[in-house]
Structure formats: structure tokens, C-alpha cells
Amino acid sequence: MSYGRPGVLFLALAAPLVAQVQAQAPANSADQQLRALYEAEWAWRGTELGHWRGDDETGPLDHFPRVDAASQQARVAHWADILKTLDRIPVDRLSPEERINAAVFRTSLEAFVANGRFRTWEMPFNADSQFWSGIAARTPYRTEAQYRRYLARLSDLPRYFDEQIVNMRAGLKRGFSVPGVTLAGRDKSIEAHMVADPEGNPFWGAFADLPAAIPASEKAAIQAEARQIIAQKIVPAYAKLLEFYRNEYLPQARKTLAAEAMPDGKAFYQAQIREYTTTDLTPEQIHRIGLEEVARITADMEKTREAAGFKGDLKAFIHFLRTDPQFYARTPDELMGVSAYTAKRMDGLLRTTIGFLPRYRFTIRPVPDAIAPFFTAGRGGREACLMNTYDLPSRPLYQIPALTLHECTPGHSLQGAIAMEAPVPDRPEFRKQTYFSGYGEGWGLYTEWLGSKIGIYRTPYEEFGRQSYEIWRACRLVIDTGIHHYGWTRDQAIAYLADHSALSRHEVETEVDRYISWPGQALAYKLGELAIRRQRAKAEAALGPAFDQRWFHDKLLSLGSVPLDVFEQEMERWTAEGGKNPFPGAV
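Quick caveat: nothing in here was measured; it's all calculated off a predicted structure.

Caption draft 1: Here's a closer look at the packing of aromatic side chains. By the definition in use, this model includes 43 aromatic pairs. Residues Phe125 and Tyr245 carry aromatic rings whose centres are separated by 6.0 Å and whose planes lie at 55 degrees to one another, so their mutual orientation is tilted. Residue Phe125 is found in the loop between helix 5 (96-118) and helix 6 (144-155), and its partner Tyr245 is found in helix 9 (residues 216-252); the two are separated by 120 residues along the sequence. Both residues of the pair, Phe125 and Tyr245, belong to the buried class. Linked through ring pairs, Phe64, Phe125, Phe131, Trp132, Tyr160, Phe161, Phe203, Tyr238, Phe244, Tyr245 and Tyr249 together constitute an aromatic cluster. For the cation-ring pair, Arg174 lies above Phe176, with the distance from its terminal atom to the ring centre recorded as 4.4 Å.

Caption draft 2: The arrangement of the environment of Ile532 in detail. You can see Ile532 is positioned in helix 21 (residues 524-543). Since its relative accessible area comes to 3%, Ile532 is described here as buried. Separated by 24 residues in sequence, Ile532 and Leu556 place their C-alpha atoms 8.6 Å apart. Setting aside its immediate chain neighbours within four residues, Ile532 contacts Gly442, Trp443, Tyr446, Phe552, Leu556 and Phe567.

Caption draft 3: Examining unusual backbone geometry more closely. Cis peptide bonds are those with omega within 30 degrees of zero, and the linkage from Thr409 to Pro410 qualifies with 5 degrees. Residue Asp264 is not a glycine yet carries a positive backbone phi of 55 degrees. Following the sequence through the fold, Asp264 ends up in the loop between helix 9 and helix 10 (265-277). Positive phi, normally seen in glycine, also occurs at Thr278, with a value near 55 degrees. Relative to the helices and strands, Thr278 resides in the loop between helix 10 and helix 11 (283-307).

Caption draft 4: Structural detail: the sheet that holds strand 1 (residues 363-366). What the three strands build is an open sheet, ordered 1-3-2; its pairing is mixed. A strand with exactly one partner marks an edge of an open sheet, and here the two such strands are strand 1 and strand 2 (378-380). Averaged over all pairs of adjacent strands, the angle between strand axes in this sheet comes to 20 degrees, irrespective of strand direction. Where strand 2 lies against strand 3 (residues 384-387), three bridges are found, and the strand directions are antiparallel. Bridging from a neighbouring strand, Arg379 pairs with Leu386 of strand 3.

Caption draft 5: Representation of helix 10. Taking 1.5 Å of rise per residue, 13 residues should cover 18 Å, and helix 10 covers 18 Å from first to last C-alpha, within 8% of that figure. Within helix 10 the residues assigned to the buried category are Gly265, Phe268, Tyr269, Ala271, Gln272, Ile273, Tyr276 and Thr277. Among the residues trailing helix 10, Thr278 stands out with phi positive, at a value near 55 degrees.

Caption draft 6: Looking closely at the state of the cysteines. With the rule as written, the count across this model stands at one disulfide. Disulfide pairing is shown between Cys385 and Cys408; the S-S distance is 2.0 Å. Its S-S torsion of about 90 degrees marks the bond between Cys385 and Cys408 as right-handed, since a negative value means left-handed. Here the residue Cys385 occupies a position in strand 3, and Cys408 occupies one in the loop between helix 14 (400-407) and helix 15 (412-421), the gap between them amounting to 23 residues. Its relative accessible area of 0% is what places Cys385 among the buried residues. You can call Cys408 buried: its relative accessible area is 0%.

Caption draft 7: Broad picture of the pairing of strand 3. Covered by surrounding structure in strand 3 are Ala384 and Leu386 together with Cys385 and Met387, the residues of both alternating faces. Of the strand pairs in this sheet, strand 1 and strand 3 are connected by four bridges, and their pairing is parallel. Within strand 3, the residue paired with Thr363 across the bridge is Ala384. With antiparallel pairing between neighbouring strands as the criterion, strand 2 and strand 3 make up a hairpin whose turn holds three residues.

Caption draft 8: Just the nonpolar core, in detail. One finds Ile479, Leu497, Phe552 and Leu556 to be the most contacted residues of the largest nonpolar core, which totals 100 residues. If you tally residues by element for this core, the top one is helix 18 (residues 460-484), at nine residues. Every residue in contact with Leu497, bar those within four places of it in the chain, is listed here: Trp472, Cys475, Ile479, Leu503, Val508, Glu511, Val512 and Tyr515. Within the second largest apolar cluster, 55 residues are counted, among which are Met123, Tyr150, Ile222 and Met262.

Caption draft 9: Expanded view of the packing of helix 11 against helix 18. Direction vectors running N to C along helix 11 and helix 18 enclose 160 degrees, while the axes themselves pass 8 Å from each other. On the basis of the axis angle, helix 11 is roughly antiparallel to helix 18. Handedness of the crossing formed by helix 11 with helix 18: left-handed. Of the residues in the contact of helix 11 with helix 18, the class split is 15 nonpolar, eight polar and five charged.

Caption draft 10: How the structure looks around the packing of helix 19 (residues 490-500) against helix 20 (residues 505-517). Taken N-terminus to C-terminus, the directions of helix 19 and helix 20 make an angle of 130 degrees; their axes are 9 Å apart at the nearest point. The angle between the axes of helix 19 and helix 20 places the two elements in the oblique class. Considering only the axes of helix 19 and helix 20, their crossing is right-handed. Contacts between helix 19 and helix 20 involve Arg490, Ala493, Ile494, Leu497 and Ala498 from the former and Arg505, Val508, Glu509, Glu511, Val512, Asp513, Tyr515 and Ile516 from the latter. Partitioned by chemical class, the residues of the contact of helix 19 with helix 20 number eight nonpolar, no polar and five charged.

What counts, and at which threshold
Residues numbered from 1 in each chain as written. Predicted model: local features only at pLDDT ≥ 70, side-chain atom pairs only at ≥ 80, totals over all residues. Heavy atoms only, no water. Phe/Tyr/Trp six-rings, centres within 6.5 Å; stacked < 30°, edge-to-face > 60°. Helix = DSSP H or I, 4+ residues; strand = E, 2+ residues; numbered from the N terminus. Buried < 20%, exposed > 50% of the residue type's maximum accessible area, 1.4 Å probe, protein only. Lys NZ or Arg CZ within 6 Å of the ring centre and 35° of its normal. Contact = heavy atoms within 4.5 Å. Pairing = 2+ DSSP bridges. Axes fitted to C-alpha atoms, helices over the stretch in contact; angles between N-to-C directions. Expected span 1.5 Å × (residues − 1). Disulfide = S-S within 2.5 Å. Core = buried A, V, L, I, M, F, W, Y, C linked by side-chain atoms within 4.5 Å. Parallel < 35°, antiparallel > 145°, perpendicular 65-115°, else oblique. Left-handed = near helix turned anticlockwise from the far one by under 90°. Nonpolar A, V, L, I, M, F, W, Y, C, P; charged D, E, K, R; others polar.

This is the structure in C-alpha cells:
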């Protein structure tokens, strides 16, 4: 096993990196200086943080990252030094593409350094996402070498968990923790990995059916080692974590809700806003934008209620939608079928919606049982988009088309594939792996709105489902800032979301707990979508009949994930240059 070097030692070995970059790059080439800097940092980051590219050739790494405080602080110091070097590269001498690379690189580094200032590693989970979930591979690997690396990685899990526990204790001690009110039932996601029988444990999944290319004797050896690691390392590590979680973390977790109530809380919340939205908007400005959007979308919902022929008021219409059995699936497969059919209908519209289409294909899966009770309605990625089939009476079918557009296609799954395959020459590897929520989630929400323009929603109820999802994201601007800046209670937040959307009570409570425990993240969606729709409106007005949404979307997606100010600058430049097809040879 190659792992074993502490992060501090590795950082000491990497300390000359900045000097080496400056020495190797020609003094008169800003582009080359920048490229040398970010390529060296990305290679260092991959080793230091245990990144796995996820490609078939590499497979998993053989260790988890060091997450102890000393390693974390050393990384932050290193990133601060990289920023100083970046400051010395003249932006005005960079080529247009490298100027974007520099902006993306800087935004990422600034977020890393800001998180170091607040020691965010002392709160390594929230009500939505946990470091102990999603570790077990869901599908088999291809080679024996990949399995050996995976086994070594699993052997390292107890050390990784122990370091996380030490960090969480430090956070508890200074009042930097997830609010306890949001954590009910989350211990079940730990308990799910404590199945004593290795072949019944979630970690057995990748070992159940090894590829035929691996010799039988090696298969038996791999499976035997997997049984031993699961029984002797994985299960005890999760048991130790569960004991800590139940007996220490939950009793000592803070009773306050607001991010601003934590140490240096006002600065922390503003930094979270900056990280997730890539804007410098204040909580007050965001709250006001949210209130304006809620009012606008409510008026649209009234029009849709009338189109549905419903005679009561909006509150009565929402009650009807929440309680009438016609709007709910009876089986998980029925819900998954609505999602799959929406995705296939969208496939038929892609050729008039997006110019460059990738080869990579995604699948649709149910959210794993261990996390489904407190997970969001869905989530998308390049490999798969997830639909939550837990508690079907809380999952109205009229919202599934909008959810599928957002998470699957043309939302996150398609977006991720295009980011990897778009014919953009010399796109550095760090750009392909960087994600900004304002851009990414803004695209997801924009695709829900796009569904109205291209005919995805077949009934007033499905259009209302889309509007309910849109107002849900507008409510986030009000609720997130309400909780973390204005001191709202959990009940206030629940009431506001329930009164303004058609989300079920279960979804409302799950979402509010997510906002309480994950400050700033929920702001990204609506602010990003507003930026995209703003740029589309400008392009349509400027280009008139020459506007082609395929080229608009191609240009948007070809940028890769970028800060919102960079996105707006680049889209305005594209419009000013005539709104042309950015990939004329690829269509």
C-alpha cells in the first residue's frame, strides 16, 4: 500500500512547487506561467486529497485523504502561497482562454483558503450529505489491480473515520457544529453499514460478481480479503462512529440555527455565500431578490390554477394537489417510469435544443435506502441521476418531469457529459473537475424553465409542478437568509415554504433541515438561473431572428463550470460577436 505519508510531510516535500514553477516557466509568457502553476497544483491536490478521476483505467485510489487538523492547516497555507504566486501573473497578458482558467483557479483557491480560516473540516457533514455515505462502490471494477487498490482504500477507512471524529470533537468544543434539531434519524445512514454478515453489507456490492477476466483463484482471494476487511475494519469503524454520533455529537450539537450565531459567524456566512453563488451579494440583497421572485412566481401559479379549471383559491388548489390520489405513484417503478419517459421525450427534443451532443449515457436509479428518508427528491451526475422513491405519498408525479429535466437531461447528467466531451482544445484537467454551484445548479433550474418553452409539460398540473419547483428555489433565497441572517426559527421556515409551494410536508421539512445545516448552498440555484435567463433575454433582444438556442446553450455549456461573473462576461461577448455556433465542425 503506497499510502502512509502524512499530509504535512507530503506538503513539506511539495513546498518548492511555487519556486519550481517560476523557475521553469519563461518569464515573458504569462500563459505558460499560469499553466505551469495550475497543472502543478492540480497534480499535488490529486495526491494530497486522494482524488479519483473515476475513469476505467485508474479506478479507485488506495487510500483516503489525511483530514487531521495539521494536514488541513498545511494545505491551506500551501493554497495561500499559490494565490500569492497567482497574483504576480499579469492578467492583462493572458490569452482569453487562460484568463478564464485564471478566474476559475483563483475562485477555487480563495474558497479553500476561506474554509481554512473557519476550519470547516470540524463540521464535515450536514443533514443532507455525510462523509460516511457513498463510500461503497455500487458497481464492479474491471481489473484485479483496481480491486486491490479498492481493498487498500477500505483498509484505510478506520484511520479516516478516526481523524474525522477528532475534528468533530474540536468543532463541538467551540460551538461549530451542525444544529442538533436537523439530525434526527441521520444515524440510520451509519447503522446501515454495520451489517455483520459481509455478503449482506453494502460494501459487498462491488465484490458480489467479479469480472470474468479475473482468474478464478484471484476472484476467490479478492472476495476472501473483502470479507475480512468488511468484518474486521469496516463494521467496527462504523460502530465506533455511531457510538460517537449518538453519545457525543447529538447531545452536544448546538441548539442555535443561524450560521451567524457560530464563532465569527457573520464572516463565515458571507464566505459561504461567496463560495456557493460566486457573487458578493449580501444577505439583505439576496433576501430582497427572493421576496420579489416569490411574488412574481405566485402570480404565474395563479394563472396556471385558472388554466386547470380549479374554482377555489391557490391555497385550496395546493391542498387538492397534495391530497388527491391521482397525483401519486402506487409503486416505486411507477415513479421511475414517469422519470424515464420524461427523459426519453427530452431525448427527442435535444437536436433542436442543444447543438453538441455527447456520447456518454447516464442511467436513472433510486436513491439508496440508507439515505432515502432524509435525502432530497433527486440528484444528478454524469453517471446517473437519482430519484427518491421513499414515502411515495410525499412524491407527487406532477413534479417528476421538472425534476428529471434538472437532474438528468438536459440538466446535470447531460451537462456533466458535455463538460467532459465538448471539443474545447487544451481544456486543463482541473477545469473538467471543478464545479461551481451557481453555474451548475443555475443550469439545472434553467432547464426546468426551458421545459415550458419546448413542450415537456403536458398538463396544467405538470406546469404547476414546475412553478412549484421554481418558487421553492425562490423561497430558498428568503429562507436561507432568514435563518442564517435574520434569525428565523425552524417553524417559520417550514411555514414559509409550505405556504408558498406545493411540496409535501415531508419534502418541506427535509429541505428546511438541509438549509439550516448547509448555509449558503441553497442560494446558488435561483441566482444562477436568473443570470442565465438574463443573458438569454439580452441575446434574444440583440440578435433577433438570428438567435439560435442551440448555439446559446452550446456556448454556455462549453464554458465548463465558471463563476457567474465570468459566465455573464463570456455570454455578452458571444452575443456581441453575433451569437454564432461555437462548434461549427462538430454538428
